[in-house]
Amino acid sequence: MKTLIIEKIEPKKIGELVSVGKILGGEIDILALGEGPIPGTYGRAFQCPDIIGANLVGSVAELVQKNGYQAVLLSATTLGSELAGRLGARLGAPVLSEVIAVGPDMTVKRPLYGGKAVAEFKIAANPAVLTIRRKYFEPATLDGQTAPEIIRIADPAVELLSEEPVLTQGVRLEDAEIIVSGGRGMGGSDNFSVLREMAGLLHAAVGASRGAVDEGWAPQTMQVGQTGNIVAPGVYFAVGISGASQHLAGIANAKCVVAVNKDEEANIFKRARFGVVCDYKNFVPALIQAIREEQ
Amino acid sequence: MHIAALAKVVPDYEVPAGDFELAGNRAHSRYTRMIGLYDENAVETGIQLKEKYGAVLSIISYGSSADVPILRKAIAMGADDLSIVQGDSDDPFVIAANLKMAIEQMNDIDLVLAGQQSADLDRGVVHAILAEMLGCTFLAQISEIESGNGAWTVRQNHENGSRMLRLSGRAVFSITSSPQNVPRIPAVRAIMAAKKKPVGKLQGIETPPMQAGEVKVEIPKMESVCEFLSLDDLGQTAKTLLGKLREERYL
Ligand SMILES: Cc1cc2nc3c(=O)[nH]c(=O)nc-3n(C[C@H](O)[C@H](O)[C@H](O)COP(=O)(O)OP(=O)(O)OC[C@H]3O[C@@H](n4cnc5c(N)ncnc54)[C@H](O)[C@@H]3O)c2cc1C
Ligand SMILES: Nc1ncnc2c1ncn2[C@@H]1O[C@H](COP(=O)(O)O)[C@@H](O)[C@H]1O
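Bear in mind that the values here come from a model prediction, so they are computed numbers and not experimental data.

A. Layout of a nonpolar patch on the surface. Residues Val188, Ile191 and Met192 of chain B make up a contiguous nonpolar surface patch of about 270 Å² in total accessible area. As for its position among the elements, Val188 of chain B is in helix 5 (residues 188–195).

Have a look at this one:
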């Protein structure tokens, strides 16, 4: 299998894709997007400063055809979703998104119905375009660096006007070993301050459900779930979160879930290891107090 | 300005995992059917553009004509008309080709809005394939759209924040959810009026599916082992919880 990885220069994301490439076997090349040195050793490396997926379709399709790649791997992110379908249509290639397992025989698994079911596919043609769900493959260690051949986009259709990063204070969700997440049950944006206080004491990151993000109580970068961040912490505190399957899909690889919810029937308790059935307004301050006493 | 919003009818996406059942490779037919959540965000975005720019908003769906009563919700929300392309394929290339046919028949579509992903197959692929088939640009995860000077200026959400982008010409956008596009709840009068609206019905076309066969679909096992902590004294409950998390080496 000759594989092309396409990813921004972010070692963890690239590492996960390299791990998938290794399962498929054979040569792995990379098209790295953005500026800076490319971590890892590849057959060939290409680099393009443009990071807007829509501008890359033509060049990537050409690259795939010219070099005879049999698999194109992207992460299941905004970039991956912007490129995968168009590449598939341009190349006449099967496209499978949000992949959570692959086999060397080109069988792949992906979730359906918010993770309530998992489908297995057998890919019968190449090239195939796959987007890989984050946190399902241990990132490979990227030794060395590879000097790239530079690709420039001649006539970009989409102009980048500005980037507005959301700067996270404290621990990033992606790296967090402990996450404290709030849902619609928090009742308001100000109430997230108790979660931030608790997270600060535990060196944890703060997350949110789509319910809370839709209410405008937390930025979308904090959303945990199948269409937000896929996370894999040691402990995940779910506070005022009902436990919809699409939320649980984002914490499938969390080791221990602690649920605080005033409804004992809430679905989150089906996923939780420990459950506290009460108003978070009573319990979270008690928990903060207990953490302080321990320190 | 003529905008098309794509809407797919799906089985109730709020059914909890414990109650979920398959019939063959798909959700059991007993579940209530509804418009996908992100597709409702797309419809809402379309209505807001209609209100802002005086656009015409057409809803297009590929599926069974039995789902027409469910799709009428989009009319009740504020869309102008509804067309259904009749077919039963789940293949993203087949669906995209059928949606393309309906869009091209309308002749004057300037913008296609899709949901970020369907709420049953959770794919996020059909809209991008459609864009390529239409020969136009596709942008993912769009949360705000403005039109001016012959160009679209949009906000695209991504993992680290968002960015503003500009492009001209016909485009397909996948719409993500934001506090600004929470789907409106239609008024009873609008629901009644929507029932009377004529619906365009198109016969689906046959076209080759992608070369990746679905081998099987299974429900993953979820073991429930929740230990509910005593609530007699919350201070003690908190201490017990911390103790247990440390004992099991989670903290
Ligand atoms: C295609 C698709 C993708 C989706 N992707 C995501 C995703 O990535 N992430 C995500 O989170 N959701 C996602 N969703 C939405 C998901 O289905 C749910 O709607 C959402 O997770 C609900 O958020 P919530 O649990 O905060 O809100 P609710 O379901 O409203 O639950 C609030 C909970 O808070 C509890 N509560 C209320 N007050 C208190 C209190 N004082 N103390 C303690 N508990 C209290 C209630 O008992 C309730 O259980 C997606 C849906 C679809 C269809
Ligand atoms: N059968 C369909 N009818 C109308 N729109 C669809 C259909 N299937 C997919 N779409 C649109 O394409 C988006 C992405 O679909 P998917 O690739 O299945 O996740 C959906 O959110 C819809 O907006």
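B. Expanded view of the packing of helix 2 (residues 68–77) of chain B against helix 5 of chain B. All names here are of chain B. Interaxial distance between helix 2 and helix 5 falls to 8 Å at its minimum, and their mutual angle equals 125°. Overall, the two elements helix 2 and helix 5 adopt an arrangement that is oblique. For helix 2 against helix 5, the interelement crossing comes out right-handed. In this structure, helix 2 contributes Arg72, Ile75 and Ala76 to the contact, and helix 5 contributes Ala190, Ile191, Ala194 and Lys195. Of the residues contributing to the contact of helix 2 with helix 5, the split by class is five nonpolar, no polar and two charged.

C. Representation of the environment of Ala55 of chain B in the model. Residue and element names in this part refer to chain B. Position of Ala55 among the secondary structure elements: in the loop between helix 1 (37–53) and strand 6 (56–63). Of the residues examined, Ala55 reaches a relative accessible area of 5% and is grouped as buried. Counting along the chain gives 69 residues from Ala55 to Gly124, while the straight-line C-alpha distance between them is 26 Å. Contacts of Ala55, omitting those with residues within four sequence positions, involve Met1, Ile3, Leu49, Lys50 and Asp80.

D. Structural view of empty space enclosed by the protein. Per the counting criterion, the structure on display carries two cavities of 30 Å³ or more. Size it by volume and the largest cavity reaches roughly 40 Å³. Across the lining of the largest cavity, the residue classes break down as five nonpolar, two polar and two charged. Computed from the structure, the second largest cavity encloses a volume of approximately 30 Å³. What lines the second largest cavity is simply Lys8, Ile51, Thr78 and Leu79 of chain A together with His158, Glu159 and Arg163 of chain B. Its residues placed into classes, the lining of the second largest cavity shows two nonpolar, two polar and three charged.

What counts, and at which threshold
- Every chain's residues receive numbers from 1 upward, in the order its sequence appears when written.
- By the order in which they are written, chains take letters starting at A while ligands take numbers starting at 1.
- Two thresholds apply to this predicted model, a pLDDT of at least 70 for residue-level local features and 80 or more for giving and counting side-chain atom pairs, whereas whole-chain, interface and lining totals are computed over all residues.
- The side-chain values count all of the structure's non-hydrogen atoms but skip hydrogen atoms and water molecules.
- Excluding any residue in a salt bridge, patches collect residues exceeding 30% relative accessible area, merging like charges within 9 Å and nonpolar Val, Leu, Ile, Met, Phe, Trp and Tyr side chains within 5 Å.
- Per-residue and other accessible areas were derived by the Shrake-Rupley procedure at a 1.4 Å probe size, with only the shown protein chains allowed to occlude residues.
- By definition here, a salt bridge exists when the distance from a side-chain nitrogen of Lys or Arg to a carboxyl oxygen of Asp or Glu is within 4 Å.
- The numbering of helices and of strands both runs from the N terminus, where a helix is a DSSP run of H or I of at least 4 residues and a strand a run of E of at least 2.
- Helix axes are fitted to C-alpha atoms over the stretch in contact, other axes to C-alpha atoms as well, and angles between N-to-C directions run from 0 to 180 degrees.
- Each angle gets one of four labels, with under 35 degrees taken as roughly parallel, over 145 as roughly antiparallel, 65 to 115 as roughly perpendicular, and the rest as oblique.
- Handedness of a crossing is defined here by the sense of rotation of the near helix relative to the far one, left-handed for an anticlockwise turn of less than a right angle and right-handed for a clockwise turn.
- For this analysis, residues touch if any pair of their heavy atoms sits within 4.5 Å.
- Ten residues, namely Ala, Val, Leu, Ile, Met, Phe, Trp, Tyr, Cys and Pro, are considered nonpolar, four, namely Asp, Glu, Lys and Arg, are considered charged, and the remaining ones, Gly among them, are considered polar.
- Throughout this description, buried means an accessible area under 20% of the type-specific maximum (1.4 Å probe, protein chains only), exposed means over 50%, and partly exposed covers the range between.
- Site definitions follow a grid-based scheme: protein atoms alone, a 1 Å grid, a 1.4 Å probe that fits but cannot get out for cavities, and for pockets an open set with protein on both sides within 12 Å along at least five of seven lines, plus lining residues having an atom within 4 Å of a point.
- Grid points are joined across faces, edges and corners, and a volume is the space filled by probe spheres set on the points.

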